[in-house]
Amino acid sequence: MNKSAYSIFFLLIILASGCTQSSSNQRQSTTDAQEAAVLNLSILATDNLEIKRSTLFSGEMTRLSLNLINLAEVYFNDIRAILINADDLNPTIEYDYIEFIQPNRSNTFEWELTAPRLGVGEALILNDIKVRTYYETYSTALKTILLKTPGDRSYISTYSESSKSPIKLYFDTSYESVTTLDNNEIKNFTVNLVLYNEYTGIVDYFNNSYYADNYIKYLIIGVPKELIFYDYTDLNSPWINATGTPSEIERFSIEQDSMNYYDYYYVEFKKIEEYGSQYNFLDLCNLLTKTNEQSISSDISSLIEQTTLQKRVLWMTKGFTKINVLRFGAKTVEFDSELNLKARIEYSYSQDFGGNGFGAIIYGTG
């Protein structure tokens, strides 16, 4: 296999996505979040995971329930759950999908379980049953940068904020005050945009063949119009300038009025099929066939480069910290000016509950 074909084959594997089905049952109730916080489990916590009867005889039924509490400052959306290591109990779904859990609220998942038929004297021990939950959520961050007049090198600390979310998103810089240069010369500086998994869940989700579920969906930053964002001007930059269309306003939660003061740039995950018209292929199979045709190898190389640069920004699996170094420039200011950098990410997250001795024992009755 030549280098181009090998590269695109790898690309197709990690870009492959799957489909899931879910029900629409939902039950919501209030809860005391402060009491739940002392559990210190995670940002999506539980105060009740139980099998109603954990000792069963052949053919008997019981119920497994999991009550989840949202301790974050953001909504958790499209929450799905699956049982792991419980197939012997023939689980029947009662509630395995929740449309959303808002902050300081809780919801309950439930399954009906039926013990299998065992012979007299036989026993079945299930002690590693898990409930794996998957959900969509987001994180936001803001950082104030103080532009100072030329020659003024006094240091003044500035304001930062990050939403309480599974992935901590924040701006980090060794200096919060930037002294500009004379005569409208450009003062260049960098700001680190850091993504960090603070809790027990992971970003990769379902399994590694579902690229759409493994990475951050999109990252968008708001840059004050007084600043130059160099990353956007790079050759083959993965950053896209948001033009303020209604669909962008809605999708990225942009405040319409802020477009007068900010330029917005985003990097998003796109399924491989969405590049079809740009790179002249019909579907995944058609693209893989084309990779062996030398006449389009340059186009395929461009596609590989584009998606590679995209992943460098969006890639974050499991518990790793991801740092994106953003490059900016500022012209001379005549008086101190405070500017706010803003960012938002939307992503998938998963957490396990149970395991480590959680389960049931079944005795045979013939």
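This text gives an overview of the structure that appears in the document. (Residues numbered from 1 in each chain as written. Predicted model: local features only at pLDDT ≥ 70, side-chain atom pairs only at ≥ 80, totals over all residues. Heavy atoms only, no water.)

## Remarks on the pairing of strand E12 (residues 167–172)
Of the two faces of E12, the one holding Ile167, Leu169 and Phe171 is buried and the one holding Lys168, Tyr170 and Asp172 is not buried anywhere. Sheet topology note: the E12/strand E14 (residues 187–197) ladder contains six bridges and is antiparallel. Opposite phenylalanine 171, over in E14, you have leucine 193 as the bridge partner. (Buried < 20%, exposed > 50% of the residue type's maximum accessible area, 1.4 Å probe, protein only. Helix = DSSP H or I, 4+ residues; strand = E, 2+ residues; numbered from the N terminus. Pairing = 2+ DSSP bridges.)

## Some points on the nonpolar core
Ranked by size, the top nonpolar core spans 68 residues in total, and within it Leu64, Ile221, Leu227, Trp239 and Phe328 carry the most contacts. In terms of residues, this core owes the most to one element, strand E20 (residues 337–354), which gives seven residues. Beyond its immediate stretch of four places on either side in the chain, tryptophan 239 contacts Leu219, Ile221, Phe229, Asp231, Tyr232, Tyr265, Tyr266, Val267, Val313 and Leu326. One finds Ile220, Ala242, Phe252 and Tyr262 within the second-largest nonpolar core, a separate group that totals 10 residues. (Core = buried A, V, L, I, M, F, W, Y, C linked by side-chain atoms within 4.5 Å. Contact = heavy atoms within 4.5 Å.)

## Quick word on unusual backbone geometry
For residues besides glycine, phi is generally negative; the peptide bonds are generally trans as well. Of note, asparagine 90 is a non-glycine position whose phi angle comes to about 45°, a positive value. As for its placement among the helices and strands, asparagine 90 is situated in the loop between strand E5 (76–84) and strand E6 (92–95). Take asparagine 90: its relative accessible area is 44%, and that puts it in the partly exposed class. One non-glycine residue, serine 253, lies in positive phi territory at about 55°. Locating serine 253 in the fold gives a position in the loop between helix H5 (246–251) and strand E18 (262–268). Given a relative accessible area of 45%, serine 253 falls into the partly exposed group.

## A few points about the pattern of salt bridges
Counted according to the given criterion, the structure contains 13 salt bridges. Among the ionic pairs, glutamate 60 bridges to arginine 53, the shortest N-O distance being 2.9 Å. For aspartate 336, the salt bridge is made with lysine 148, and the minimal N-O distance between the two is 3.0 Å. You can see aspartate 336 sitting in the loop between strand E19 (322–330) and E20 and its partner lysine 148 sitting in strand E10 (residues 130–148), a full 188 residues away along the chain. For lysine 148, a relative accessible area of 1% gives the class buried. Salt bridges here are not isolated pairs; linked through shared partners, they connect Arg63, Glu110 and Glu112. (Salt bridge = Lys/Arg side-chain N within 4 Å of Asp/Glu carboxyl O.)

## Details of the sheet that holds strand E3 (residues 55–57)
Strand order in the open sheet formed by three strands is E3-E21-E9, and the pairing between neighbours is mixed. Since the sheet does not close on itself, it has two edges, and those belong to E3 and strand E9 (123–126), each with one partner. Strand-to-strand twist in this sheet, taken as the mean axis angle between neighbours without regard to direction, amounts to 20°. In this structure, E9 lies alongside strand E21 (residues 360–363), joined through four bridges in antiparallel fashion. If you follow isoleucine 125 over to E21, its bridge partner there is isoleucine 361. (Axes fitted to C-alpha atoms, helices over the stretch in contact; angles between N-to-C directions.)

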